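Summary of structural features
The primary structure of each chain is shown beneath.
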Amino acid sequence: MNAVSAPTRPATAAPAPERRRSRADVAVTALVVLAVLAAIAVALSTDRFVTIANAKAILTSAGLVGIAALGLTLITIGGSAVSLAISPTVAAVGMVFLAAQSLGLLPAFVIAVACGALITGFQGAVVGYAAANPVVLSIAASFAISGLAIGLSGGTTVSPSGTGYDLLNATPGGVALSVHVLIVLTLVVEWTLRRTAFGRSLYLIGENRRAARSAGLPVGRTVTVAWIGAGALFAVTAAFTAAFNTSANVNLGGTLTFDAIAAVLAGGTPISGGRGSALRTFAGAVLIAAVSDVLLLRGYSTGVQIMVKGLIVLFVVVLVHLRTKGDRG
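Bear in mind that the values here come from a model prediction, so they are computed numbers and not experimental data.

What counts, and at which threshold
- Residues numbered from 1 in each chain as written.
- Predicted model: local features only at pLDDT ≥ 70, side-chain atom pairs only at ≥ 80, totals over all residues.
- Heavy atoms only, no water.
- Axes fitted to C-alpha atoms, helices over the stretch in contact; angles between N-to-C directions.
- Helix = DSSP H or I, 4+ residues; strand = E, 2+ residues; numbered from the N terminus.
- Parallel < 35°, antiparallel > 145°, perpendicular 65-115°, else oblique.
- Contact = heavy atoms within 4.5 Å.
- Nonpolar A, V, L, I, M, F, W, Y, C, P; charged D, E, K, R; others polar.
- Salt bridge = Lys/Arg side-chain N within 4 Å of Asp/Glu carboxyl O.
- Buried < 20%, exposed > 50% of the residue type's maximum accessible area, 1.4 Å probe, protein only.

1. Side note on the packing of helix H6 (residues 177-195) against helix H7 (residues 197-207)
It is at 5 Å that the axes of H6 and H7 come closest, and there the two elements cross at 75°. Considering the angle they form, H6 stands roughly perpendicular to H7. Seen from H6, the contacting residues are Thr192, Leu193, Arg194 and Arg195; seen from H7, they are Ala197, Phe198, Gly199, Arg200, Leu202 and Tyr203. Taken together, the residues of the contact of H6 with H7 break down into 5 nonpolar, 2 polar and 3 charged.

In structure tokens:
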């Protein structure tokens, strides 16, 4: 009797969701590679870009934006979108920092950090416990902070009452102190996000706040702490910015709100929350600083620089959306 051979199973195609995810990943990767190659080509063809002095200038710019962006990263990962009150907060806290210089550098710095944590932490408490819209709340806060700063200063520029602030303008190893502080703070924030119960809770809350609350996580407290940490980091930025400018007024923050948002989103942190990292934000801050530097060296106006940064943010947001959509199938 002839042995009956076992029927062979026909080869099956990959499930549709996997095929879609694969196509999305390939498309996103190709777009990223093309964008990076184009950016490198433009940068290398820019006069005076590839110099040590220019590299230090880029890092210095990234240091001031990056520290604030680290604070915003905590807010965004926790599902609170963004804060639009960064620039007014930095301006007000910078004025406090310089006005308190007669007490010495360290007391003035502590007072500044306390003010930043208090101002932003209050907003976080309203968002965390009362479920207020963070964007609308921070817009209202920006007006209130600016109005308070103008009222207390009489609308004048605040000059330092001492000289201790100048220590923040030091350049250890030829690199601005703010850059060294940014690197240290990046590692601290990354460790906090990845290795602590607070960090893990923040990711879960950002991913699904309702589910996190149902699971018994302290949503209000965690969100408030994230905003307090953000405010402290905004205050560190304020101290360095005020020290660099040697004076402070309500315009001290400049476009910092937009630059910090650009750094966070360019680093790949989705505005919906639940994902992201301090290391990515650091990379985003350097990217935004490098783009601004290239445009400045090429003689483009501030308006063009803002427009290009906006396009970069839009590009990254689209990429994140495509990858997320591919992952979900």
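2. Quick look at the pattern of salt bridges
If you walk through the whole model with that rule in mind, you get 2 salt bridges. Two residues, Glu190 and Arg194, come together in a salt bridge whose shortest N-O distance is 3.1 Å. Linking Glu190 with Arg194, this pair stays in helix H6, spanning 4 residues, or about one helical turn. A relative accessible area of 12% means that Glu190 is categorised as buried. One salt bridge connects Asp259 with Lys309, and the closest N-O pair in it is separated by 2.9 Å. Here Lys309 lies in helix H12 (residues 302-328) and Asp259 lies in helix H10 (residues 256-266), a separation of 50 residues in the sequence. Look at Asp259 and you get buried, because its relative accessible area is 9%. Looking at Lys309, the relative accessible area reads 6%, which means it is buried.

3. A word on the environment of Ala69
The residue Ala69 is located in helix H2 (residues 52-77) in this model. We classify Ala69 as buried; its relative accessible area is 0%. Sequence-wise, Ala69 and Phe258 are 189 residues apart; in three dimensions their C-alpha atoms are separated by 9.9 Å. Excluding residues that lie within four positions of it along the chain, Ala69 makes contacts with Ala260, Ala263, Val264 and Thr281.

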